[in-house]
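Letter by letter, the chains look like this.
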Amino acid sequence: MIKFQYLPRQVVESSGNRWDWALLPLVLAVLVLMAFGARQMAHPYQVGAPLPISLDTLYLPYYLLRTTLRMFIALAASLVFACVFAALAAKVRAAEKVLVPLLDILQSIPILGFLSITVTGFIALFPGNLLGVECAAIFAIFTSQAWNMAFSLYQSLRTVPGELKEASRIFQLSGWQRFWRLELPFAMPQLLWNMMMSMSGGWFFVVASEAISVSNQNIKLPGIGSYIATAIEARDMGAIGWAIAAMAIGILLYDQLFFRPLLAWADKFRFEADGSEAGQSSWLLTLLRRTDKLQTLVRAALRVVERSFSLFRREYDGTSIRARPQPPNELWSRAWDAVIAALVLFAGWRLVNFILGEVGLAEVGHVFVLGIYTLIRVLVLIALAALVWVPVGIWIGMNPRWAERLQALAQLLAAFPANLMFPLAVMFIVHFKLSPNLWLSPLMVLGTQWYILFNVIAGASNIPTELRYASRNLGLKGWLRWKRYLLPAVFPSFVTGAITASGGSWNASIVAEYVSWGDTTLQAQGLGSYIAQMTTAGDFPRIALGIGVMCVFVMGLNHFVWRKLYSLAEDRMHF
Amino acid sequence: MTAKLIELKNVAKRFKSADGSARSVLEGVDFELADGEIVALLGQSGSGKSTLLRIIAGLISADGGEVKYRQQPLYGPANGVSMVFQSFALFPWLTVQQNVELGLEARGVSQDERAKRAEAAIELIGLSGFEGALPRELSGGMKQRVGIARALVMEPDVLLMDEAFSALDVLTGEQLRDDMLELWDGKDTPMRGMLIVSHNIEEAVLMADRILIFASDPGRVRAELRISLPRPRDADSVEVRALIDQVYALMTARAPRAGKATEEAVSLHLGYRLPEADVSRIEGLLELLADDPFHGRADLPQLAEETDLTDDELLPAADALHLLGLAQLAHGDIVMTPLGKRYVEGEDVRQEVFGQQLLAHVPLAAHIRHSLEQEPSGELPEGPFLKLLRESLDAEEAERVLKVAIEWGRYGEVFEYNYHTGMIHLPEGEDEDEGQG
């Protein structure tokens, strides 16, 4: 507002400046495309009616639009979910007790599991309309995006620096004001980073969430995912190539038009005062900042938020009787604990009953054995990936000229849905008559290994220069150089990468252990293929069992391995 | 006739420690801030002066006693009380102007009014031209000016300053302090009282009408000093130098305990807050004391000037020397003991003497050593010792004290510590001796 009056006259009085005009087509195009895509979503539809998917490349842009729209809707929903979750969990102790463990469990449920359980419900919600299936697909994408965002926001809210919290109390900020002025800005960089990760993760499940085959129903929503699924059924290699190209263009577009500007804008929310990290830059944000009318629009939106501050403000100060602290009621908190405990016990009892009644103990044992197979696959593959990518990552990270470019490439590769490569693997395995049990396994880390690579690159490029000089000065060579200097230096970032890679691999196992190409289906013994198989058969008790067991494995691995390694890295190996 | 702005009666504060037992931080504190008065709180870290400031700010509530602001009981932050923070506590994503307007915005003041008042405050504190800057673009001194403007724009009766100048370099800190005093005396602001928590004795003497010196465990007011010199005061004047001397003496005087001065150290209890002083600083200070121009006896303020140490660096080191019997503190002076003299002269007996004195005078070190000797393996985890300390200290302080004990113990070759395993053990090569003995 204040800046406004310093603007030269002709700028203030003319209707927009040249930058406004330059950006206008872009803004209009985005708006039109969004409206068009949204209209297509609510299409009349009866279950069983075929939805034709054309392999004609002319349709690809349209499919790309539909898929991207779905992903952004899911992202918006995730954002709202994250805000509500984090605010509740960070501020209400009673809620925290339930929500945080719940999120831990939700996080370890394989994403496709959600889809198989919820799709029928969503279809019933909108009878005679495609919207129900749309919702199911969006929900599946949502489940691949929401958890890490919610968790990151919750963590940020809990780590708001003490002095800032005190300042906000001294200046009498209400809860609403504090959220907008302090907590959300503080959490912003971390949240944005997680949004980008979520978006990448979402792509992996696009194929599965758009081409839904549950309980012998085969629904293909118009979108890139369905296009790929159709191409796989038709064994059309060319079409898959086009789909990959379209996807790459899509990723590039929303990166340039959405995430880059946001990241560059969020630079001001970085809390550390050090200017060491180079800020992000975005041509679009620079353009936007030069516009006049568009900026006014943004400011108007911000002013609405600021208006709300005077509505939701504290009406009293510390001398008022209303500020008198209420002693926490022990009884209520005890009762709450009791309710939670009762619910957990009840759920446990029902679960045992259900498992014994529907599937039997022998099946449970069998599924656990399958889980161990998958566990071995995950651990061996992460180890192999580490063996390859840690040295490579260190080498790249130590060469600043390469580091930045290759790190971006590795991030792109991580975003890239590796399941597109699966048909190749099937053809390869069938041609050489290899064992699927062994040779399907690498597919699990195909997409997730890049997390290890780009984290190690980041870690290696952050090694302090002085330490590099010192190691050269001391003449560290060979194994000693690795053992005493390089490996410990990148250990924390390796652990971060490996945690993400391991989680992703479990999720991917459902897709990777059960792969088809046309009418050839290859299957590896494991928990993932078990879940995939039961999903196709529509056997709900066994889907639930598979998902439950996978949860147990993932949480166990997180708790007993990764968390230990993480705290080791936190305590001892950082600069 | 002077009205009381803040009035505390018999205030107590306890914190729950990790093992659930309550630990007293403040006990029986009476305090008042009269109209037109500047009061400074001095004391060791952990003496509860910051806690007291936060109780007055309404940030934490007292467990016992009465807290009143203008005769009204206080349950939370009051409109008339504002605060300046040690590390500024600016919102890095808001511009200078937005930061200054923050409190007004929270109160629902209209935008025009806000801008007007913020501009006035910004001009008052000498920040004109920086309205649109982000805090990260500013130097430390400028940041704290924003912090002060943000507090003043609320037109507080009472301004609280929590070591507001200690994160700044000396020159900037002094400049800002003088500016604050000028504002105070100029009566351009509605400020009626100021409460300062400080580590810097000179700062307190130059600013305050009254200095309260806190003692720890539990925190309470140990001494009070009224200063009636007119402001601005000259730091080099005889009166001010004498006052600074007097405060040093009060700060280093031990709480009245049983026994004579020389036996005090023996009566220390296990959970004594070992001063935060590393070995090289302790030795450096002793060497300086032995040298020209002090020859074994120094005036603390003079020593502070010579060493360029701040008060919260110098005093713990001096305290450590006293604890270990290498020097004695009395009336604001520090005097080297004969043992201290031997220590300085005998380069190669230093570690041995240090170890002996440690075992003789620091009960915690003696306790650890004794416990280790009872163990056949000669090692023990740090956990139980920490737990023991937590009975009388809060978790953070307990860790700090144990860290100091471990550093001293390592230097004195009394025991060693493995960071990776968290085990404390007897020095290598002594194990066999212990086994035989």
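This is a predicted model, so every value here is computed, not measured.

Quick word on the overall build of chain A
No. 1: Each helix and strand counted, chain A has 24 helices and 4 strands in total.
No. 2: Over its C-alpha trace chain A gives a radius of gyration of 26 Å, about what one expects of a compact globule, namely 25 Å for 575 residues.
No. 3: By principal-axis analysis of the C-alpha atoms, chain A measures approximately 75 × 65 × 65 Å.
No. 4: Relative to its full complement of 575 residues, chain A shows a buried share of 37%.
No. 5: Sequence separation of at least 24 residues holds for 78% of the intrachain contacts in chain A that already meet a minimum separation of 6.

What about the overall build of chain B?
No. 1: Counting its regular elements, chain B contains 16 helices and 16 strands.
No. 2: Here the C-alpha radius of gyration of chain B, 24 Å, is about what a compact globule of 437 residues would show, namely 22 Å.
No. 3: Projected onto its principal axes, the C-alpha positions of chain B cover 85 × 50 × 45 Å.
No. 4: When each of the 437 residues of chain B is scored for burial, the buried share is 42%.

Observations regarding the nonpolar core
No. 1: I196(B) and A405(B) are the most contacted members of the largest nonpolar core, which totals 255 residues.
No. 2: The dominant element in this core, judged by the number of residues it contributes, is helix α6 (residues 131–158) of chain A, at 16 residues.
No. 3: Beyond its immediate sequence surroundings of up to four residues, I196(B) is in contact with I38(B), A40(B), L41(B), M161(B), A204(B), M207(B) and A208(B).

Remarks on the interface of chain B and chain A
No. 1: With 34 residues of chain B at the interface, the matching set in chain A holds 31 residues.
No. 2: For the side of chain B that touches chain A, the elements supplying multiple residues, two or more each, are β6 (81–84), α2 (96–107) and α3 (111–124) of chain B.
No. 3: Element by element, the count of residues in the side of chain B that touches chain A is highest for α2(B), at 6 residues.

Points about the sheet that holds strand β5 (residues 72–73) of chain B
Residue and element names in this part refer to chain B.
No. 1: Sheet architecture is open: 4 strands sit in the order β2-β1-β4-β5, paired in antiparallel fashion. Two strands lie at the open edges of the sheet, namely β2 (22–34) and β5, each paired on one side alone.
No. 2: Across 2 bridges, strand β4 (residues 64–69) lies against β5 in antiparallel orientation. When the bridges of β5 are listed, Y69 appears paired with Q72.

A closer look at the domain arrangement of chain A
Residue and element names in this part refer to chain A.
No. 1: Each assigned domain of chain A is listed here: domain 1 (1–38 + 282–315), domain 2 (54–275) and domain 3 (340–572).
No. 2: Counting residues at the interface gives 14 residues for domain 1, matched by 14 residues for domain 2.
No. 3: Contributions of two or more residues to the side of domain 1 that touches domain 2 are made by α2 (18–41), α12 (283–290) and α13 (293–311).
No. 4: The greatest single-element share of the side of domain 1 that touches domain 2, amounting to 4 residues, is contributed by α2.
No. 5: A per-class count over the side of domain 1 that touches domain 2 returns 9 nonpolar, 3 polar and 2 charged.

A word on the domain arrangement of chain B
Residue and element names in this part refer to chain B.
No. 1: Along its sequence, chain B is organised into domain 1 (4–251) and domain 2 (275–347).
No. 2: Once you take the C-alpha centre of each, domain 1 and domain 2 turn out to be 31 Å apart.
No. 3: At 6 residues, the largest contribution of residues to the side of domain 1 that touches domain 2 is made by helix α7 (residues 238–252).
No. 4: A per-class count over the side of domain 1 that touches domain 2 returns 5 nonpolar, 4 polar and 1 charged.

Focus: helix α10 (residues 224–233) of chain A
All names here are of chain A.
No. 1: Burial of α10 is extensive: 8 of the 10 residues sit out of reach of the surface.
No. 2: What α10 keeps buried is the set I224, G225, S226, Y227, I228, A229, A231 and I232.
No. 3: A positive phi of about 50° marks R235, the residue just after α10.

What to know about unusual backbone geometry
No. 1: Following R231(B), the chain continues to P232(B) via a peptide bond in cis, the omega torsion being -5°.
No. 2: Relative to the assigned elements, P232(B) resides in the loop between β10 (220–226) and α7.
No. 3: Geometrically, the link from D292(B) to P293(B) is a cis peptide bond, its omega value of -5° lying close to zero.
No. 4: Of note, P293(B) is situated in the loop between α8 (279–290) and β11 (297–299).
No. 5: The phi angle at Q172(A) is positive, at roughly 65°, despite the residue not being glycine.
No. 6: The class for Q172(A) is buried, based on 22 C-beta atoms found within 10 Å.
No. 7: In this structure, D308(B) takes a positive phi of about 65° despite not being glycine.
No. 8: Inspection of the secondary structure puts D308(B) in the loop between α9 (300–307) and α10 (311–323).
No. 9: Accessibility expressed as a C-beta count within 10 Å gives 9 for D308(B), which makes it exposed.

Each value, and the rule that gives it
- Residues numbered from 1 in each chain as written.
- Chains lettered and ligands numbered in written order.
- Predicted model: local features only at pLDDT ≥ 70, side-chain atom pairs only at ≥ 80, totals over all residues.
- Helix = DSSP H or I, 4+ residues; strand = E, 2+ residues; numbered from the N terminus.
- Rg over C-alpha atoms; globule rule 2.2 N^0.38 Å.
- Buried ≥ 20, exposed ≤ 12 C-beta atoms within 10 Å, placed from the backbone.
- Contact = placed C-beta atoms within 7 Å.
- Core = buried A, V, L, I, M, F, W, Y, C linked by C-beta atoms within 7 Å.
- Pairing = 2+ DSSP bridges.
- Domains from an automatic or database assignment.
- Nonpolar A, V, L, I, M, F, W, Y, C, P; charged D, E, K, R; others polar.

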